[in-house]
Amino acid sequence: MPKRSAALLLYRQEDRDRPVEVLLVHPGGPFWARKDTGSWSIPKGEYEDGEEALAVACREFEEEVGTPPPPGDPVQLGTIKQPSGKLVIAFSLRGDVDLTGFHSNTFEMEWPKGSGHLRTFPEVDKAAWFSLDVARTRLLKGQLGFLDLLVKELP
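Scope of this entry: the structure provided in the associated data block. Please read all numbers here as calculations on a predicted model, not as lab measurements.

Looking now at the pairing of strand β5 (residues 87–94). Burial within β5 is extensive, with six of its eight residues counted as buried. For strand β1 (residues 4–12) and β5, the ladder comprises eight bridges, and the chain directions are parallel. When the sheet's bridge partners are listed, Leu8 is paired in β5 with Phe91. Sheet topology places strand β4 (residues 75–81) next to β5; six bridges connect them, and they run antiparallel. Along β5, the bridge assignment pairs Lys81 with Leu87. Here β4 hands over to β5 after five residues, with Gly85 in that stretch at a positive phi of 100 degrees.

See the structure below:
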């Protein structure tokens, strides 16, 4: 059985004359430190049998963005198989969060590799709002299909 993740794609549109924006996160740690284009993600995390995908998506959003998702009724966008084989199910939610004071949970890893020294890094080092056009240049290739699914759901 492939690994599975659940994601929450938060979007906002202040008025009809403004573009739709989506909230993306940039992975933390040394591997991603100097990468920007094609390296951002929708907040997401793995889940196991018996866990509800939407509950996991909301939990992971809070862990990665540092605030719970805004109230509302998420819409299931669909599931997309990633290049790694992982299956990601995403939900969209219209709303807004203030990124002032942004903070993420952390993880430990040996760094530099082979040094024997454990260092702590944020799971996510940045969170930002992007228009759909800009998001297409920032988002990981395997997650781009979720933007298309979101556009189909927009009024």
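It is worth spelling out the nonpolar core at this point. Core analysis: the biggest nonpolar cluster contains 20 residues, and Leu9, Val22, Leu24, Ile42, Leu147 and Leu150 have the highest contact counts within it. Those elements giving two or more residues to this core turn out to be β1, β2 (21–27), β4, β5, β8 (124–131), α2 (132–138) and α3 (144–153). Core analysis: the next-biggest nonpolar cluster, separate from the first, contains 18 residues, Ala6, Phe61, Ile89 and Val97 among them.

A few words on the pattern of salt bridges. Using the criterion set out here, one finds nine salt bridges in the structure. Across the pair Glu51 and Arg59 runs a salt bridge, and its minimum N-O distance is 3.1 Å. Of the residues examined, Glu51 reaches a relative accessible area of 33% and is grouped as partly exposed. Among the ionic pairs, Arg59 bridges to Glu60, the shortest N-O distance being 3.2 Å. The network of salt bridges with shared partners includes Arg12, Glu21 and Asp96.

Okay, unusual backbone geometry next. Put simply, Trp111 and Pro112 share a cis peptide bond, and its omega is -5 degrees. Position of Pro112 among the secondary structure elements: in the loop between β6 (106–110) and β7 (118–122).

What counts, and where the lines are drawn
- Residues numbered from 1 in each chain as written.
- Predicted model: local features only at pLDDT ≥ 70, side-chain atom pairs only at ≥ 80, totals over all residues.
- Heavy atoms only, no water.
- Buried < 20%, exposed > 50% of the residue type's maximum accessible area, 1.4 Å probe, protein only.
- Helix = DSSP H or I, 4+ residues; strand = E, 2+ residues; numbered from the N terminus.
- Pairing = 2+ DSSP bridges.
- Core = buried A, V, L, I, M, F, W, Y, C linked by side-chain atoms within 4.5 Å.
- Salt bridge = Lys/Arg side-chain N within 4 Å of Asp/Glu carboxyl O.

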